[in-house]
Amino acid sequence: AAHGGNVAKRADVASRETTGRIVRDAFDTLARSMDTLGRKCGVGGDWNDIDGQSTSLREKSVDQTCHDVRASLMACSGMAAVFGVLAIALKVAGGVDPVADMAGGPIIDESN
């Protein structure tokens, strides 16, 4: 029975490590997607239009990257909600403290 307990503990630790890795990878993917979108939109550089198709190709590339960012945001939002870090993720992404904002300030018990 002791051997079975050790196996269960190792499996539990392995699943937690895997879960952490999946979450970290999802947020890393989001960061890379956002970086790629910024570069494709011209942040930090100028466009060098070689021919008449450059603008059309750039638009298609930016559109595809927007889809990648959206998919990453959806995955990260779902993970944040599931793992209870949604408020922290919103604070990092939006710069506001959603817990205080949603509550509207401190709750005062006026019955006392």
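Refer to the structure printed above.
Residues numbered from 1 in each chain as written. Predicted model: local features only at pLDDT ≥ 70, side-chain atom pairs only at ≥ 80, totals over all residues. Heavy atoms only, no water.

Asker: Sorry, what's going on with the overall build of the chain here?
Answerer: Counting secondary structure elements, the chain contains four helices and zero strands. Seen in sequence order, the chain has helices and strands lined up from the N terminus as α-α-α-α. Each of the 112 residues in the chain was classed as buried or not, and the buried ones make up 14%. Once local pairs closer than 6 in sequence are excluded, the contacts in the chain between residues at least 24 apart make up 53%. Surface exposure of the chain reaches about 8,700 Å², of which carbon and sulfur atoms provide 60%. (Helix = DSSP H or I, 4+ residues; strand = E, 2+ residues; numbered from the N terminus. Buried < 20%, exposed > 50% of the residue type's maximum accessible area, 1.4 Å probe, protein only. Contact = heavy atoms within 4.5 Å. Areas by Shrake-Rupley, 256 points an atom, 1.4 Å probe, with all protein chains shown as cover.)

Asker: Can you help me understand the state of the cysteines in this one?
Answerer: Taken as a whole, this structure holds zero disulfides when the rule is applied. Lacking any disulfide linkage, C41 is separated from the closest cysteine sulfur, that of C66, by 6.0 Å. What makes C41 partly exposed here is its relative accessible area of 41%. (Disulfide = S-S within 2.5 Å.)

Asker: Which parts of the structure should I look at to understand the pattern of salt bridges?
Answerer: It is possible for side chains of opposite charge to pair when their charged atoms get near one another. Under the counting rule described, the total for this entry stands at two salt bridges. For D25, the salt bridge is made with R24, and the minimal N-O distance between the two is 3.8 Å. (Salt bridge = Lys/Arg side-chain N within 4 Å of Asp/Glu carboxyl O.)

Asker: Teacher, can you tell me more about the side chain of S72 here?
Answerer: Its place among the elements puts S72 in helix 2 (residues 54-82). On the basis of relative accessible area, S72 is assigned to the buried category, the value being 9%. A distance of 3.5 Å separates the side chain of S72 from the side chain of S33, its partner in a polar contact. If near-sequence neighbours (up to four positions away) are discounted, S72 is found in contact with T29, L30 and S33. (Polar contact = N/O pair within 3.5 Å; in protein donor to acceptor, adjacent residues only side chain to side chain.)

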